Amino acid sequence: MTALYLYPIWLRLWHWLNALLFVTLVATGVSMHFSLHWLIPFDVAVPVHNTSGVLLTVSWLTFMVGNFLSGNGKHYLINLRTLPQDLIAQTRYYLHGIFVGAPHPFHVSAEHKLNALQTLSYVGVMYGLMPILILSGWAFLFSTSLPETLFGIGTVWIIAMVHLVVAWMLVLFLIVHMYIITTGEKPTTNLKAMVTGWHKEESGG
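Residues numbered from 1 in each chain as written. Predicted model: local features only at pLDDT ≥ 70, side-chain atom pairs only at ≥ 80, totals over all residues. Heavy atoms only, no water.

J.: Can you walk me through the side chain of T189 in this structure?
T.: As for its position among the elements, T189 is in helix α6 (residues 189-196). At a separation of 2.9 Å, a polar atom in the side chain of T189 contacts the main-chain amide nitrogen of K186. Excluding residues that lie within four positions of it along the chain, T189 makes contacts with G184, H199 and K200. (Helix = DSSP H or I, 4+ residues; strand = E, 2+ residues; numbered from the N terminus. Polar contact = N/O pair within 3.5 Å; in protein donor to acceptor, adjacent residues only side chain to side chain. Contact = heavy atoms within 4.5 Å.)

See below:
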């Protein structure tokens, strides 16, 4: 059995706080968008959503700074040279190999804790979609200071559509992420790692 300390306390706290904030944003956002007042009253959903959005901004900035200062950002570097074959191998494993007991094509190490598919998706989420979600959220808060139209289209409508589409893309990522959690050596391996900080697996496998 090998054990690697891959998730320091700051990263674990950030992860669970970020998850809580995002779920809160989804619940309040869905309640407001579909007028589900029985789920969360509108006058409650709005301030909770806005406050969670501000805190999510702080959370995201903490993640960026933490990655830079701690060196955790190295795990999000994409190896373009091996990316095509790594993606093919990882995708084949998730679609077929995992169901027939095939060996995992990637093994966690101190240098690389994310496989190619995870790296690509996490970079897309944390460095792409999250900034767009946050910026569009802040644009909503200060929409009265923006021009009424942009390229002949209502500015608020554009912001709303961008915010909504990105939010649903992140919800889809969350669903896939929850499934991927169970694809470690054991269904609970990855979850335990994000609780204790230690990734454990059988040596050589």
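J.: What exactly am I supposed to notice about helix α5 (residues 155-180) here?
T.: It helps to recall that an α-helix has 3.6 residues per turn; residues three or four apart then point in one direction. The first and last C-alpha atoms of α5 sit 37 Å apart over 26 residues, in line with the 38 Å expected at 1.5 Å per residue. The set of residues buried in α5 consists of T155, I159, H163, V166, L170, V171, H177 and I180. (Expected span 1.5 Å × (residues − 1). Buried < 20%, exposed > 50% of the residue type's maximum accessible area, 1.4 Å probe, protein only.)

J.: Help me understand the packing of helix α1 (residues 9-33) against helix α2 (residues 42-70) in this model?
T.: Two measures define how a pair of helices packs: the angle their axes make with one another and the distance between the axes. Between α1 and α2, the least distance of the axes is 8 Å, while the angle of their chain directions is 150°. Relative to α2, α1 is oriented roughly antiparallel. Pair α1 / α2 crosses with left-handed handedness. Looking at the contact of α1 with α2 residue by residue, the classes come out as 14 nonpolar, twelve polar and no charged. (Axes fitted to C-alpha atoms, helices over the stretch in contact; angles between N-to-C directions. Parallel < 35°, antiparallel > 145°, perpendicular 65-115°, else oblique. Left-handed = near helix turned anticlockwise from the far one by under 90°. Nonpolar A, V, L, I, M, F, W, Y, C, P; charged D, E, K, R; others polar.)

J.: What should I look at first to understand the environment of P105 in this one?
T.: One can find P105 in the loop between α3 (83-95) and α4 (116-141). Residue P105 is classed as partly exposed on the basis of its relative accessible area, which comes to 42%. Those residues within four positions of P105 in sequence are excluded, and the remaining contacts are A89, Q90 and Y93.

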